[in-house]
Amino acid sequence: MTQQGVRWTADQVLALAPDAASRKAGSKLGAAGPWSETGSSDEGAVWGLCKGSGSKPYQTIVHIADATGPAYKCSCPSRKFPCKHALGLLLLWSGDDGAVPRGEAPDWVEQWTAGRRQRAAEKRTPGAAGSPAAAADPEAARRRAERRAERITAGATELEQRLADLLRGGLAAAEKAGYGLWEETAARMVDAQAPGLAARVRELGAIPASGPGWPVRLLEECALLHLLDQGWLRRDGLPESLAETVRSRIGLPTSADGPPVRDRWLVLAQYDTADTRLTTRRIWLYGADSDRTVLLLSYGAAGRAPELALPVGLTLEAEVSAYPGAGQARAALGEQFAPPAPAAIRPPGTTTTRAAARYGEALRADPWLDSVPVTLDRVIPTPDGDSWQLADADEDAALPLTPAARSRPGLWRLVALSGGAPVTVFGECGHQGFTPLTAWPQGTGTPVALC
Amino acid sequence: MNRTIIPVDPPAPGAPTANAQAGATAWEDLVTTALLGTDRRTPPPSVGTPGREAPVALLDAAAAETVRRRAGLRPARPASRPEPAPEDPRPPLPAAAARRLALLLADRPGASGGGRRGTAPDLMELLPQWLALANTRNYAPPPEALPALLDAARGRTDLRPAALAFAGPRALWLARLNPDWRFALRATPGGGTRLPHLEDTEKVQQLWQEGLFAERVSLLAALRAQAPTTARDLLASTWATERAEDRLMFLDSLRTNLTAEDEPFLEQALADRSRNVRATAAELLSALPGSALAARMAVRAGACVAVDHTRDTPTITVEAPHECDASMERDGVVAKAPAGRGERSWWLGQLVEAAPLATWRTRLGGRTPQEIVALPVADDWQAELHAAWCRAAVRQRDADWSRALLGTPSDPEAGGPGAVSLAERAKLLDTLGAQERADWVAGFIATHGLSEAFQLLGVCAVPWSAPLGRAVVDALNIARDAGSYPWSFSGVMGLAERCLDPSEAQRLDGLLAIPEEPENASPGAGGYWAEAFQRLVTTLRLRATMTEELTP
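Residues numbered from 1 in each chain as written. Chains lettered and ligands numbered in written order. Predicted model: local features only at pLDDT ≥ 70, side-chain atom pairs only at ≥ 80, totals over all residues. Heavy atoms only, no water.

- For chain A, the name recorded in an unreviewed UniProt entry is SWIM zinc finger family protein, with Streptomyces chromofuscus as its organism.

What follows is the structure in structure tokens.
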């Protein structure tokens, strides 16, 4: 099996760490000293005993090929996930020095993996354990949905009124009105059960303080919010796929009901964004056979890392299902058939001109789209005043980096990797510019995570 | 407007432009109206939709325009592309070593404050060793590791030389793009502007004549290392016109490859206007035992020290100088004693320090350094005299005299304050060969334990020789049995982690168990010792693995 042949890199293991402190603590445990009775199985389980400060060592198990991404269990009291022991164990295993030999899983490992296998099997057999959807009363569900739609409609109507008032009085007044006005409106949208509208309203509040050119950005965002309101209010007249897009942009829950697509999925990028309530993790996957790029989203409570973690550069054989809505990249990870393992797959690249065109085309299906995933081939990171751009090596065109990308440490890894020569870069391309997420050196070489 | 991609509005070459122009104007109209408000300004006529209120009609139009503008975005014009980084001809790191480097660098943030507790190795402490080893193997770093490497070198100046040597030419290329890493340009000879080829006389001359101070210092240092005479001639050519501070820095570069050939130049510098320049020139001359200055100092110092044969045992008597005359000052003797020191002993110290050590054999009855050091010294002059000989032995790198002044490590006096401080002993040890040095320190530790040994261990070659390693481990073992806490020895423990030969790890296995607590022991000390030894063993194993990973 692959995981014995080619191991993960330390970077890939460390990418699983929920925060810098865990990364540091985990690296220290990545040496043979505190570990005993370590082992790994062909099925993708890695285990060991780690000596802590107490008399009883911690039992640590990592299942790198679990049906829903790597799974961890450790008898330590840490609330971090994965804990430093799990990271240390994986580092030891990735270190390739025979520290984690292949072997029979002991009972305590076998029990846990068997339990997970069983639960995964139950999940796949709908109705077996009595799925909640089937048990609920369909009539009650329909009534609930109707009530929610009414509240959203009321919210959207109110929001339209506020936008009209704003435009009547002029955006210049918005600068003085400050953040409070928008916070209150956002709270009203939360009450209206339209989280998508609430998030957009909250962002409006930040624009007047965002520097030169803010009136243009504020008008754009007001106009797109207005477009979304109108989309909701007239959703019955929209084509079904566009109506789905509107529903998901409004923030109505949807489920991934697309047909499962089995493929070798390359992990292109993984990164987290956090606000005071929620940590959102985005994982981009590229299907080598289907030539599709999909987005997995997972969430964690504030300050805690989401559970799903897939290191960049690994490939997993798995099924994914798309969420509804035209032009939506979001998908859900289904069953995994083999542990994630390194593979020499690279997504096919394109030029900056075609990348910009691709974004334009995607707006047709989803006018609220901020960016599309794109792999640029043969681009050179180029300083441009205070900013940076990715310039085509063979054409006279360039994409500027987004303001967010300019301030990340990954920018310098990208510049170092390039050294002034063309590289392949995967990232998100939109109206604000390009955000690089992963890069590959010229020729062969493993991907370098930039986020 | 902070738009980062060129929108459709500016006319594209060859494209029908009338539409685009109209688009741009329409958008500007919309923005102006939105900014002022529809109450104050009527929306442009194109916006009017029958039956729609003005603000709503404006939003409709803006929505269509926004999507249109975004959909029509096109790439920007490229800025001038950076010059490619120079090739790094070194072979790339083996994969396992690259993984190790990533781990060592990941340990970086907030490395302090953790303290020396727990069983896990302190990875940041292993980075210097890793870098040294990678440099001797002449590997090139993975480019994506360079930012972390530069950040590490930025935070720790002691790491800089090894980190920058390993980081190689691409790191300098990067440093020119990021002000945070400017230090790399300063720390590298030539300030990153690259030195001319040292055989290119014309370029060398030009840089020497026109370069910035830092560039000139680097040039001189580099030249001195390769062609000492050429460097001195270059310096002499402009010496008279240099500023005093600059003369001092330039003169300092002559320490490298100092030979008798430099004497005439240094003699001339003895007459310099600047006192600091004179003192440095004198110090350099006194490190040349054959120099005229050394001979003059020999005469002066010799006049002060004699053997008195009239006593029961031959005894050294000292008659310190009564004045510091102009010729002494010209030879670098500082006339004014620091506060709290007698003038005459101050002058004596300087004379003896600068006199060639060979003086004393003839002056003191053909005795060997051992015999001379063993002679009693009358009237409490011993400390002053021996200390001056120590400084002379260090300056002249005289192993015989160093050996004599160090004495036998098992001497009771060797562990005490004595005439020779531990700092001076460490310097004396530095003049001996690696093996002899290690043996002396091993002997010292066997007799005196670890509490005074830290400084001496610091000058021993890494990894420690087997006898030295054994002496340290035995002493730690004794300290543990004595029942004190391990953090009293944390300095030595830390050194041991970095300097013990990894093959010693097995010998430590017996120390990992938590021992029975003896009656007078500090509570819980046994457990902490077991933890400390555990970390020592783990670190040694890790170092062994590190070395393997870097071995082709």
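A look at the sheet that holds strand E15 (residues 433-440) of chain A
Residues and elements named next belong to chain A.
And then number 1: Reading across from one edge, E13-E12-E11-E14-E15-E16 is the order of the 6 strands in this open sheet, with antiparallel pairing throughout. Edge positions in the sheet fall to strand E13 (398-400) and strand E16 (448-449), since each has one partner strand and no second.
And then number 2: Relative to strand E12 (residues 387-392), strand E11 (residues 371-384) runs antiparallel, the two sharing 6 bridges. Within the sheet, the bridge partner assigned to Asp384 lies in E12 and is Ser387.
And then number 3: In the packing of helix H13 (residues 352-365) onto the sheet, contacts are made with E11, E12, E13 and strand E14 (423-430), and the angle to E11 comes to roughly 145°. (Pairing = 2+ DSSP bridges. Helix = DSSP H or I, 4+ residues; strand = E, 2+ residues; numbered from the N terminus. Contact = heavy atoms within 4.5 Å. Axes fitted to C-alpha atoms, helices over the stretch in contact; angles between N-to-C directions.)

Examining the interface of chain B and chain A
And then number 1: Facing the 67 residues of chain B at the interface are 75 residues of chain A.
And then number 2: For the pairing of chain B and chain A, the buried interface totals around 5800 Å² over both sides, and the portion due to carbon and sulfur atoms is 64%.
And then number 3: In terms of surface lost to chain A, no three residues of chain B exceed B:Leu59, B:Arg70 and B:Arg99, which account for 13% of the buried area on that side.
And then number 4: Joining chain B to chain A, the criterion identifies 4 salt bridges.
And then number 5: Among the salt bridges present, the one from A:Arg168 reaches B:Glu53, with a minimum N-O distance of 2.6 Å.
And then number 6: Our count for the chain B to chain A interface comes out at 19 residue pairs in polar contact (both at pLDDT 80 or more).
And then number 7: Along the lines of polarity and charge, the residues of the side of chain B that touches chain A split into 40 nonpolar, 11 polar and 16 charged. (Buried area = accessible area lost by both parts, 1.4 Å probe. Salt bridge = Lys/Arg side-chain N within 4 Å of Asp/Glu carboxyl O. Polar contact = N/O pair within 3.5 Å; in protein donor to acceptor, adjacent residues only side chain to side chain. Nonpolar A, V, L, I, M, F, W, Y, C, P; charged D, E, K, R; others polar.)

Description of the pattern of salt bridges
All names here are of chain B.
And then number 1: Tallied over the entire structure, the rule returns 48 salt bridges over all chains.
And then number 2: Arg100 serves as the salt-bridge partner of Glu549, at 2.8 Å between the closest nitrogen and oxygen. Taken together, the residues Glu549 in helix H27 (residues 525-549) and Arg100 in helix H3 (residues 95-106) connect sequence positions 449 residues apart.
And then number 3: When its relative accessible area of 8% is taken as the criterion, Arg100 is described as buried.
And then number 4: In this structure, Arg296 and Asp331 form a salt bridge, with 2.7 Å as the shortest nitrogen-oxygen distance. (Buried < 20%, exposed > 50% of the residue type's maximum accessible area, 1.4 Å probe, protein only.)

Observations regarding unusual backbone geometry
And then number 1: We note that A:Asp291 has phi near 55°; this positive angle belongs to a residue other than glycine.
And then number 2: Examined against the element boundaries, A:Asp291 turns out to sit in the loop between strand E6 (278-287) and strand E7 (292-301).
And then number 3: One non-glycine residue, B:Asp379, lies in the positive phi region at around 55°.
And then number 4: Note on placement: B:Asp379 falls in the loop between helix H18 (369-374) and helix H19 (382-395).

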